[in-house]
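# A closer look at the structure
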Amino acid sequence: MRKKVVAGNWKCNTTLHEGVELAKAVDKLISEKGAADVVVVLGTPFTHLTSVVGAIDTKRIGVASQNCAAEAKGAFTGEVSAAMVKSTGSQYVILGHSERREYYGETSEILNKKLALALENGLTPIYCCGEPLNIRNAGTQVEYVINQLEETIFQLSEEDFKKLVIAYEPIWAIGTGVTATTEQAQEMHKSIRDAIADKFGAEVADEMSLLYGGSCNAKNANELFANPDVDGGLIGGASLKADDFIQIINAY
Ligand code: 13P
């Protein structure tokens, strides 16, 4: 059965204390209101991982880092390896976010190294893809996104590919308050699922969780999640408020 996943991406927000309080508030709301059959993940800064893991019920909520190093270990000042993330008790790592690609020059080659290390260390990558506005305006968004997948996760073995969660995040919708329409989200998610079916077969495609990200909030989650190929969300701004985040979780 395909899993529904709602993951928060806190980005570079919250001090350690604020982050732990936010995680505890989400944990408390889930214990009170439930999360139906939704897998909930909190994507925190590296500095918060251990404390957040310790502050919540990790059977109910998973924890993700927002990145990991492209090298296993060694003289790479400032980097945090996949093994280090795993050692905090975290289970997920967000990879390929457009902000990492755009501001930190992450190429498909770098992402392939990160994917391999994440998988070797037993982390579940939440792999992001998505097109910029000029590509959307040119109408070539599907080719653009499928190419991102072909250069990276479509190179994995079927066994490894099946471990991933994929997030479609149109860059023009991230942090802008502009959300993809449900038709735009469904069109892309269906195209991604069809491409997966071509590459790995219909059964694998049917099992993959495809999340939508980009100004998804408590008001629009319901409509977005109603699409047959949208299996949840990767939530930025709205994941920083426990009340909003729980509403998104319960939008199913
Ligand atoms: P917003 O929800 O703030 O638009 O961010 C989306 C995102 O980038 C999640 O990874």
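These lines cover the structure that appears in this document, whether it is placed above or below.

Procedures and definitions
- Residues numbered from 1 in each chain as written.
- Predicted model: local features only at pLDDT ≥ 70, side-chain atom pairs only at ≥ 80, totals over all residues.
- Heavy atoms only, no water.
- Phe/Tyr/Trp six-rings, centres within 6.5 Å; stacked < 30°, edge-to-face > 60°.
- Helix = DSSP H or I, 4+ residues; strand = E, 2+ residues; numbered from the N terminus.
- Buried < 20%, exposed > 50% of the residue type's maximum accessible area, 1.4 Å probe, protein only.
- Lys NZ or Arg CZ within 6 Å of the ring centre and 35° of its normal.
- Near = heavy atom within 4 Å.
- Areas by Shrake-Rupley, 256 points an atom, 1.4 Å probe, with all protein chains shown as cover.
- Nonpolar A, V, L, I, M, F, W, Y, C, P; charged D, E, K, R; others polar.

Right, let's get into the packing of aromatic side chains. Ring pairs (aromatic) are described by centroid distance and by the angle formed between their planes. Taken as a whole, this structure holds 6 aromatic pairs when the rule is applied. Relative to Phe 200, the ring of Phe 154 lies with its centre 6.0 Å away and its plane at 85 degrees, an arrangement referred to as edge-to-face. Of the two residues, Phe 154 sits in the loop between α7 (141-151) and α8 (158-161) while Phe 200 sits in helix α9 (residues 182-200), which places them 46 residues apart along the sequence. Taking relative accessible area as the criterion, Phe 154 reaches 6% and is therefore assigned buried. Measuring from ring centre to ring centre gives 4.2 Å for Phe 161 and Phe 200, while their planes differ by 20 degrees; the resulting arrangement is stacked. With a gap of 39 residues between them, Phe 161 in helix α8 and Phe 200 in helix α9 connect regions that are remote in the sequence. Look at Phe 161 and you get buried, because its relative accessible area is 0%. Aromatic ring contacts, followed pair by pair, group Phe 154, Phe 161 and Phe 200 into a single cluster. The aromatic ring of Tyr 252 is capped on one face by Lys 4, whose charged end is 4.8 Å from the ring centroid. Positioned above the aromatic ring of Tyr 104, the side-chain terminus of Arg 100 is 4.2 Å from the ring centre.

The environment of the ligand is formed by Asn 9, Lys 11, His 97, Glu 169, Ala 173, Ile 174, Gly 175, Gly 214, Ser 215, Leu 234, Gly 236 and Gly 237. Relative to its unbound accessible surface of 310 Å², the ligand loses 94% to contact with the protein. In terms of residue class, the shell around the ligand is built from 3 nonpolar, 7 polar and 2 charged.

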